[in-house]
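Now for the letters of each chain:
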Amino acid sequence: MKNDKMKNQYRVNEQIRVREVRIVSDGESTVMPTRHALDMAREQGVDLVEISPNAQPPVCRLIDYSKFLYQQKKHAKEMKAKQAKVEVKEIRFGPQTDEHDYNFKLKHAQEFLNEGNKVRAYVFFRGRSILFKEQGEVLLLRFANDLEEYAKVEQLPKLDGKKMFLYLAPKKAGVVKKSQQKVDREKREAEARAPKENVEAADAVPANGGLLANAKVSPEALKALKGEE
């Protein structure tokens with residue numbers, strides 16, 4: 001069906017019934033009677049393909065029609081591949097996620113955002129764990145704060161049934177992926193900093209500024225996030 005639709009977009013050979021056409025080839029163009037252009041196409045064993053019917057006169061190429069359709073299809077596929085495709089990547093937490101799992105998922109979220117994707121992080125409350133919803137809110141607020149360099153908050157933590165969702169969007173449309181050597185080096189540096197960062201995690205949110213300065217969150221969650229008693 002797609003090939004048939006593409007074929008119907010162009011007039012070929014005897015379907016071209018104007019008096020004269022402009023033949024383009026290798027950056028040059030020549031206006032000539034259509035019957036002369038058809039004779040040239042037959043002599044070269046190719047087709048006369050009208051590529052710009054609204055021009056005065058219409059623009060044509062001398063090319064094998066099957067080859068021309070293949071080139072058009074390939075070009076359309078390349079253009080589609082270049083279009084920015086934003087996906088929503090999910091990150092799942094439990095209300096009592098440990099530090100190692102948290103850092104692992106934080107790294108994945110950074111990669112998703114760097115590639116131009118959105119992130120939907122959520123805490124799933126199983127059974128009576130819904131009683132710890134404030135703990136889940138604290139976790140998601142910390143997650144948003146730790147990703148402040150990479151993302152902007154589209155929706156602050158919001159409970160929906162047994163899940164509390166946080167939506168993040170990348171600050172940049174996308175970046176070139178880092179080399180494996182750089183990724184490995186940054187991984188070693190991150191592992192070396194981890195013990196110190198874990199101790200200071202409670203002080204990560206500034207009291208009067210930063211990503212959550214104007215966030216409408218529960219006082220209990222914000223207090224817990226700042227490490228206050």
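A quick note: this is a predicted structure, and the numbers were derived from the prediction, not measured.

Some points on the sheet that holds strand β1 (residues 20-25)
- If you trace the 4 strands from one edge of the open sheet to the other, you get β2-β1-β4-β3, paired in mixed fashion. Strands at the two margins of the open sheet, each flanked by one partner only, are β2 (28-33) and β3 (47-52). Ignoring strand direction, the axes of neighbouring strands in this sheet form an average angle of 40 degrees.
- Where β1 lies against strand β4 (residues 59-63), 2 bridges are found, and the strand directions are parallel. For Arg22, the partnering residue across the bridge sits in β4 and is Val59.
- Strand contacts of helix α2 (residues 34-44): β1, β2, β3 and β4, with the helix running at about 115 degrees to β2, the strand carrying the most contacts.

Quick word on helix α5 (residues 133-146)
- With 14 residues, α5 extends 20 Å from end C-alpha to end C-alpha; this agrees with the ideal 20 Å at 1.5 Å per step.
- Within α5, 10 of the 14 residues are buried, leaving the element largely enclosed by the surrounding structure.
- Residues of α5 that are buried: Gly136, Glu137, Val138, Leu139, Leu140, Leu141, Arg142, Phe143, Ala144 and Asn145.

Observations regarding the nonpolar core
- Counting residues in each nonpolar core, the largest one holds 20 residues, and the members touching the most others are Ile91, Phe93, Val119, Leu140, Phe143, Leu147 and Leu168.
- Put simply, the parts of the chain that give this core at least two residues each are β5 (88-93), α4 (99-114), β6 (118-124), α5 and β8 (163-170).
- Sorting elements by how many residues they give to this core places α4 first, with 5 residues.
- Residues in contact with Ile91, not counting those within four places in the same chain, are Lys105, His108, Ala109, Phe112, Val119, Arg120, Ala121, Tyr122 and Phe143.
- Within the second largest apolar cluster, 9 residues are counted, among which are Ile16, Val21, Ala37 and Leu38.

A look at the side chain of Asp47
- As for its placement among the helices and strands, Asp47 is situated in strand β3.
- Engagement of the side chain of Asp47 in a polar contact is seen with the backbone nitrogen of Tyr65, the distance being 2.8 Å.
- Those residues within four positions of Asp47 in sequence are excluded, and the remaining contacts are Val12, Asn13, Ala41, Arg61, Leu62, Ile63, Asp64 and Tyr65.

Examining the packing of aromatic side chains
- Across all of its chains, the model carries 7 aromatic pairs by this definition.
- For the pair Tyr10 and Phe68, a centre-to-centre distance of 4.9 Å together with 85 degrees between the ring planes defines the contact as edge-to-face. Of this pair, Tyr10 sits in the loop between α1 (2-7) and β1 while Phe68 sits in helix α3 (residues 65-82); the two residues are 58 residues apart in sequence, bridging distant segments of the chain. There is no split in this pair, since Tyr10 and Phe68 are both buried.
- Geometrically, the ring pair formed by Phe93 and Phe143 is edge-to-face, given 5.1 Å between the ring centres and 75 degrees between the ring planes. In this pair, Phe93 sits in strand β5 while Phe143 sits in helix α5, placing the two residues 50 residues apart along the sequence. Of the two residues, Phe93 and Phe143, both sit in the buried class.
- Joined through ring pairs, the aromatic side chains of Tyr10, Tyr65 and Phe68 make up one cluster.
- Positioned above the aromatic ring of Tyr102 is the side chain of Arg142, whose terminal nitrogen or guanidinium carbon lies 4.0 Å from the ring centre.

Conventions and cut-offs
Residues numbered from 1 in each chain as written. Predicted model: local features only at pLDDT ≥ 70, side-chain atom pairs only at ≥ 80, totals over all residues. Heavy atoms only, no water. Pairing = 2+ DSSP bridges. Helix = DSSP H or I, 4+ residues; strand = E, 2+ residues; numbered from the N terminus. Axes fitted to C-alpha atoms, helices over the stretch in contact; angles between N-to-C directions. Contact = heavy atoms within 4.5 Å. Expected span 1.5 Å × (residues − 1). Buried < 20%, exposed > 50% of the residue type's maximum accessible area, 1.4 Å probe, protein only. Core = buried A, V, L, I, M, F, W, Y, C linked by side-chain atoms within 4.5 Å. Polar contact = N/O pair within 3.5 Å; in protein donor to acceptor, adjacent residues only side chain to side chain. Phe/Tyr/Trp six-rings, centres within 6.5 Å; stacked < 30°, edge-to-face > 60°. Lys NZ or Arg CZ within 6 Å of the ring centre and 35° of its normal.

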